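What the coordinates show
Chain residues, written in single-letter form:
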Amino acid sequence: MSKMAATAPTSSFLTKPSPFPSSKNSSANPLFRFALPFSPNPQKPSLFRRPLHISNSISHPNPPSAAATAISTAAAEPEIFVSRFAPDEPRKGADVLVEALERQGVTNVFAYPGGASMEIHQALTRSNTIRNVLPRHEQGGVFAAEGYARSSGLPGVCIATSGPGATNLVSGLADALLDSVPLVAITGQVPRRMIGTDAFQETPIVEVTRSITKHNYLVLDVEDIPRIVSEAFFLATSGRPGPVLIDVPKDIQQQLVVPNWNQPLKLPGYLARLPKNPDEAHLEQIVRLISESKKPVLYVGGGCLNSCEELRRFVELTGIPVASTLMGLGSYPLSGDLSLQMLGMHGTVYANYAVDKADLLLAFGVRFDDRVTGKLEAFASRAKIVHIDIDSAEIGKNKQPHVSVCGDVKPALEGMNKILEGKAAKLKLDFSRWREELEEQKQKYPLSYKTFGEAIPPQYAIQVLDELTDGKAIVSTGVGQHQMWAAQYYKYNRPRQWLTSGGLGAMGFGLPAAMGAAVANPDSIIVDIDGDGSFIMNVQELATVKVENLPVKILLLNNQHLGMVVQWEDRFYKANRAHTYLGDPSNESEIFPNMLKFAEACGVPAARVTKKKDLRAAIQKMLDTPGPYLLDVIVPHQEHVLPMIPSGGAFKDVITEGDGRTKY
């Protein structure tokens, strides 16, 4: 059994902190992974352990139903959680909070202390199992917790103090909500009697974050802490994952209590709304549509990250080509023959061509985002649309599907694979002519870039990194041109090796996210492909990677400009520069700021490379150096991310030529 299972309590609600274990066979939603029965009382449903796959467990005083007994016949007895305290020993609310985290299997948190959260930090020093990775800014902490969650599938945990500490988490919470990342954020708060008095470092963080969290709590009774923490982890990891915030007043942290770890959940409405297993009749209907189509395309997103094995099998059985969103990269191997790589604004010509010409669009775990669809009326206008998503709010929100399934993609794919295997001889699916048509497009419009004399094309730097890491690195990015090039030119062959701020587009994400990924994956190669604009927004986290000796490699594509905005200025604003130059205007020949000095100040080894011929050796040295390393790669600011479909445009508007050296 995993460490998670070993530390789980027999009676607490969650025996495993997440339905996203690193194992690729895991389901995105444990509640219907095995179609477990719910009890007649929705507040106390019965979910029981399975061997190997640990599902969520809700304590239940009544005997389980016959069906539940049948399901759990092979279940192994979980190991009992051993508390540091005697069962009847009073302890501070902060110690209850920390033990509640331990009972969820939490081993790493990203916490920055302050007046209202000191008690929690004192309690963390008494924990034998939780390590705190001290960020140098709360935004660094929440982005690191996201990097941890995105790369491992386990919920990330960050902790901040009240007031400005809590408000510094806002961008990370919004990012986690938009990208469906399981996150539990804990904030200190002023004592209960001072709430609403404009006390020192008081902000109503529950109100501030209400619209950018999946759910949030203000703890007003110390005895509620065990239940609230159980609920928070369950909410963060079930259904469509997302961030949950717990705000804990300082007097609650200090109050003595004997905790009751056997409290039932109070989520009847939420549990009732969780999607059930897909209806077989719907799946049969989808298979029939596939058999009737001539030009089907798979459009897969972040909702497929936990069903990559099932997706591969589905592609194997059908031979349907796969286009991926930015969030879905790696759910199907980009080096596979049937991969069309990324679609959308900066997707490949052939991926967008396939969607434009398709007669059937299989949209799995996606939300028809504007950066994918462009002009909605023109997107997949010839196709019947099948939409499978776990969140009912996404179905029909932007594009009306012909067939929709509200549920987890994993059991839906499993069901369709079973139908396809049973009908293989009868169906005789053959899309070879369609694949040949797309292969022609691949040959005609490959991803390509121009050269700039001896200067380093940024795309080439990413290609070299891909070669030297054998496509196995976990890659994080900031936001901008470098992010799109990292999506286009690095070949992600497995899920959770691509970490980027997709929906929110938060600059400064790359370095702290890489930090979190390094904590979750200590034996992996972790590379932050960053831009100079994004990097400087959380440059202080160099101190954390040095002190914690996290082996984060930073490939900094430095063009001295806010590159993506410059590209839009070139294309749509007659190249008029409106505050997009990030260097020193009085000395444009010098690289400013000198990123190597930041690294030096934090004791991180660093080097700069300016010529294409020196790049390969420089990247190899970066990868060979133990611990963190910064490689400052100077690239031309005139380069554009291509292809590009202008915002609100359609496939017919795709731009494939030109850069900043041309007037538009």
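Owing to the predicted nature of the structure, the values given are computational and were not obtained by experimental measurement.

1. Remarks on the overall build of the chain
In terms of helices and strands, the chain carries 25 helices and 20 strands. Counting over 664 residues, the chain shows a buried share of 59%. Partitioning the contacts of the chain with sequence separation of at least 6, the portion at a separation of at least 24 is 73%. Split by element, the accessible area of the chain, about 25,500 Å² in all, is 52% carbon and sulfur.

2. Remarks on the confidence of the model for the chain
Confidence in the prediction for the chain averages 90 pLDDT; 88% of positions are at 70 or higher. Long-range and interchain partners of residues 1-76, a stretch whose pLDDT sits below 50, account for 183 contacts in this model, where long-range means more than four residues apart.

3. Concerning the sheet that holds strand β10 (residues 322-324)
Within a sheet, neighbouring strands are paired by backbone hydrogen bonds and run either parallel or antiparallel to one another. With respect to topology, six strands assemble into an open sheet ordered β11-β10-β9-β12-β13-β14, the strand pairing being parallel. Either end of the sheet is taken by a strand with one partner, and the two such strands are β11 (339-342) and β14 (403-406). Mean inter-strand twist for the sheet, computed between neighbouring axes without regard to direction, equals 15 degrees. The sheet contact formed by β10 and β11 spans two bridges and is parallel. By the bridge assignment, Val-322 is partnered in β11 with Ser-339.

4. Some remarks on the nonpolar core
Core analysis: the biggest nonpolar cluster contains 53 residues, and Ile-286, Leu-298, Phe-314, Leu-361, Leu-362 and Phe-364 have the highest contact counts within it. Not counting the four nearest positions on each side in its chain, Phe-314 is found in contact with Ile-290, Leu-298, Ile-320, Leu-362, Phe-364, Leu-413, Met-416, Asn-417 and Leu-420. Listed in part, the 47 residues of the second largest apolar core include Val-142, Phe-509, Ala-514 and Phe-535.

5. A closer look at the pairing of strand β17 (residues 526-531)
If a strand is regular, its side chains alternate between the two faces of the sheet. Of all six residues in β17, six are buried; the element is thus mostly enclosed. Residues Ile-526, Asp-528 and Asp-530 of β17 are buried on one face, and the alternating residues Val-527, Ile-529 and Gly-531, pointing to the opposite face, are buried as well. As paired strands, strand β15 (residues 474-477) and β17 are joined by four bridges and run parallel to one another. In the strand pairing of β17, Thr-477 is matched with Ile-529. With six bridges connecting them, β17 and strand β18 (residues 552-558) associate as parallel partners. Residue pairing for β18: Asp-528 is matched across the bridge by Ile-554.

6. Quick notes on the packing of aromatic side chains
In the structure shown here, the tally under the stated rule is 12 aromatic pairs. Note on Phe-234 and Tyr-270: the rings are 6.0 Å apart at their centroids and 90 degrees apart in plane angle, and the pair reads as edge-to-face. One end of the pair, Phe-234, is in helix α9 (residues 225-237); the other, Tyr-270, is in helix α11 (residues 268-273), with 36 residues separating them in the sequence. What makes Phe-234 buried here is its relative accessible area of 0%. Counting every residue linked through ring pairs, the aromatic cluster contains Tyr-299, Phe-368 and Phe-379. Residue placement shows Lys-612 over the ring face of Tyr-460; its charged tip is 4.7 Å from the ring centre.

7. Quick look at the environment of Phe-598
Structurally, the position occupied by Phe-598 is in helix α24 (residues 595-601). Look at Phe-598 and you get partly exposed, because its relative accessible area is 29%. Placed 32 residues apart in sequence, Phe-598 and Leu-630 show a C-alpha to C-alpha distance of 9.7 Å. Dropping the residues within four chain positions of it, Phe-598 is found in contact with Ile-536, Val-539, Leu-542 and Pro-593.

8. A look at the sheet that holds strand β6 (residues 215-218)
If you trace the six strands from one edge of the open sheet to the other, you get β3-β2-β4-β5-β7-β6, paired in parallel fashion. The open sheet terminates on both sides in strands that have one partner only, identified here as β3 (131-132) and β6. Sheet analysis places β6 next to strand β7 (residues 243-249), joined by four bridges and oriented parallel. Among the inter-strand pairings, His-215 is bridged to a residue of β7, identified as Val-244.

9. Observations concerning the pattern of salt bridges
Following the criterion strictly, the structure yields 36 salt bridges and no others. Here Arg-227 makes a salt bridge to Glu-231, at a shortest N to O gap of 3.0 Å. In this pair, Arg-227 and Glu-231 both sit in helix α9, four residues apart, roughly one turn of the helix. The two residues Arg-227 and Glu-231 agree in class, both being buried. Note that Lys-597 and Glu-600 form a salt bridge whose closest N and O atoms lie 4.0 Å from each other. Of this pair, Lys-597 and Glu-600 both sit in helix α24, three residues apart, which is roughly one turn of that helix. Neither residue differs from the other here; Lys-597 and Glu-600 are each classed as exposed. Taken together, the shared-partner salt bridges connect Glu-146, Arg-150, Asp-175 and Asp-179 into one network.

10. Quick word on unusual backbone geometry
With omega at -10 degrees, the peptide bond leading from Phe-592 into Pro-593 counts as cis. Within the element layout of this structure, Pro-593 appears in the loop between α23 (563-572) and α24. With an omega dihedral of -5 degrees, the bond running from Leu-642 to Pro-643 counts as a cis peptide bond. Note on placement: Pro-643 falls in the segment after β20 (629-634).

11. Focus: the side chain of Asp-391
Positionally, Asp-391 belongs in the loop between β13 (384-389) and β14. Setting aside residues up to four positions removed in sequence, Asp-391 forms contacts with Arg-240 and Cys-406.

12. Concerning helix α12 (residues 280-292)
Its 13 residues give α12 an end-to-end C-alpha distance of 18 Å, which sits within 8% of 18 Å, the value for a rise of 1.5 Å per residue. Taken as a whole, α12 has its buried residues at Leu-283, Ile-286, Val-287, Leu-289 and Ile-290. Seen end-on, α12 carries its buried residues on one side only, within an arc spanning 155 degrees. Among the structural elements, α13 (308-318), β12 (360-364), β13, β14 and α16 (409-427) are those in contact with the buried residues of α12.

13. Considering the packing of helix α14 (residues 349-357) against helix α17 (residues 432-444)
One can describe the packing of α14 onto α17 by two numbers: an axis separation of 9 Å at closest approach and a directional angle of 145 degrees. Considering how the two elements wind past one another, α14 and α17 form a crossing that is right-handed. On α17, the residues touching Val-349, Tyr-350, Tyr-353, Ala-354 and Lys-357 of α14 are Trp-434, Glu-437, Leu-438, Gln-441 and Lys-442. The residue inventory of the contact of α14 with α17, partitioned by class, reads six nonpolar, one polar and three charged.

14. Observations concerning the state of the cysteines
Summed over all chains, the structure comprises zero disulfides. Cysteine Cys-308 shares no disulfide, and the gap to the nearest cysteine sulfur, in Cys-304, comes to 9.7 Å. Of the residues examined, Cys-308 reaches a relative accessible area of 0% and is grouped as buried.

15. Quick look at α9
In this model α9 runs 18 Å from its N-terminal to its C-terminal C-alpha over 13 residues, within 8% of the 18 Å that 1.5 Å per residue would give. The buried count for α9 comes to 13 of 13 residues, which makes it a mostly enclosed element. Positive phi shows up at Gly-239, right after α9, with a value of about 55 degrees.

Definitions and cut-offs
- Residues numbered from 1 in each chain as written.
- Predicted model: local features only at pLDDT ≥ 70, side-chain atom pairs only at ≥ 80, totals over all residues.
- Heavy atoms only, no water.
- Helix = DSSP H or I, 4+ residues; strand = E, 2+ residues; numbered from the N terminus.
- Buried < 20%, exposed > 50% of the residue type's maximum accessible area, 1.4 Å probe, protein only.
- Contact = heavy atoms within 4.5 Å.
- Areas by Shrake-Rupley, 256 points an atom, 1.4 Å probe, with all protein chains shown as cover.
- pLDDT = per-residue confidence, 0-100.
- Pairing = 2+ DSSP bridges.
- Axes fitted to C-alpha atoms, helices over the stretch in contact; angles between N-to-C directions.
- Core = buried A, V, L, I, M, F, W, Y, C linked by side-chain atoms within 4.5 Å.
- Phe/Tyr/Trp six-rings, centres within 6.5 Å; stacked < 30°, edge-to-face > 60°.
- Lys NZ or Arg CZ within 6 Å of the ring centre and 35° of its normal.
- Salt bridge = Lys/Arg side-chain N within 4 Å of Asp/Glu carboxyl O.
- Expected span 1.5 Å × (residues − 1).
- Arc of directions from axis to C-beta.
- Left-handed = near helix turned anticlockwise from the far one by under 90°.
- Nonpolar A, V, L, I, M, F, W, Y, C, P; charged D, E, K, R; others polar.
- Disulfide = S-S within 2.5 Å.

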